[in-house]
Amino acid sequence: MREHGPLLSALACEPMWATAWMHDANKVIAPLLGIPDLPVAPLPDSPEEDDPSVLHWKTRALVEFADGRAFVWVDDEMGDLDRAWVAAHHDGPALLHRVNATTGLTAADLATIADWCLLHWSTP
């Protein structure tokens, strides 16, 4: 996991947490990755259980927060319904990249994200 830290830091974008861990991600996960504290996207409270047949609880909040800007959402829970909703409601480019919950983020995932960021990310 620590080897992902430099790869995340090198992405041509502004990484931030979009997790139910909220600010605790900076206390627990960031040190494991060897990265500095990241901003935390404002999210509603997470439900007790995720229902894959409905829009993910983060989807609307992330699109609202992105406000038309390019964004990448990396998660192990989003699905086709979320991709369709983002495509219909977000004016900018978006990559919804699902990772395997068992293996987590891989070097291949990071390469896909890095390539997308190089093509779609613009600094203000």
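Structure: see above.
Residues numbered from 1 in each chain as written. Predicted model: local features only at pLDDT ≥ 70, side-chain atom pairs only at ≥ 80, totals over all residues. Heavy atoms only, no water.

Colleague: I keep staring at the nonpolar core and nothing clicks. Help me out?
Modeller: Nonpolar side chains tend toward joint burial in soluble globular proteins. Formed by 16 residues in total, the largest nonpolar core has its most connected members in Trp17 and Ile35. Looking at this core, the elements with two or more residues in it are helix 2 (24-33) and helix 5 (107-120). The residues touching Trp17, leaving out its near neighbours within four places in the chain, are Ala25, Asn26, Ile29, Ala30, Leu33, Ile35, Leu38, Pro39, Val40 and Ala41. By size, the runner-up hydrophobic cluster in this structure holds 13 residues, among which are Ala61, Phe71, Trp73 and Leu96. (Core = buried A, V, L, I, M, F, W, Y, C linked by side-chain atoms within 4.5 Å. Buried < 20%, exposed > 50% of the residue type's maximum accessible area, 1.4 Å probe, protein only. Helix = DSSP H or I, 4+ residues; strand = E, 2+ residues; numbered from the N terminus. Contact = heavy atoms within 4.5 Å.)

Colleague: Please clarify how the environment of His89 should be interpreted in this entry.
Modeller: Looking at where His89 falls in the secondary structure, it is placed in helix 4 (residues 80-89). The sequence separation of His89 and Gly68 amounts to 21 residues, and the corresponding C-alpha distance is 9.2 Å. Within the structure, the side chain of His89 is placed 2.9 Å from the backbone oxygen of Trp85, a separation counted as a polar contact. (Polar contact = N/O pair within 3.5 Å; in protein donor to acceptor, adjacent residues only side chain to side chain.)

Colleague: Looking at this structure, how should I read the pairing of strand 2 (residues 94-98)?
Modeller: Two faces make up the sheet, and in a regular strand the side chains alternate between them. Two elements, strand 1 (residues 71-75) and strand 2, share five bridges in a ladder whose sense is parallel. By the bridge assignment, Phe71 is partnered in strand 2 with Ala94. As a crossover connection, the stretch from strand 1 through helix 4 into strand 2 is right-handed. (Pairing = 2+ DSSP bridges. Right-handed = clockwise from strand over helix to strand, strands pointing away.)

Colleague: Help me understand a negative patch on the surface, please; the structure alone is not making it clear to me.
Modeller: Taken together, Glu48, Glu49, Asp50, Asp51 and Glu77 make up a surface patch of like negative charges. Tracing the backbone through its elements, the reader meets Glu49 in the loop between helix 2 and helix 3 (59-66). (Patch = residues over 30% accessible without salt bridge, like charges linked within 9 Å, V, L, I, M, F, W, Y side chains within 5 Å. Areas by Shrake-Rupley, 256 points an atom, 1.4 Å probe, with all protein chains shown as cover. Salt bridge = Lys/Arg side-chain N within 4 Å of Asp/Glu carboxyl O. Lys, Arg positive; Asp, Glu negative; His and termini not counted. Charge placed at Lys NZ, Arg CZ, Asp CG, Glu CD.)

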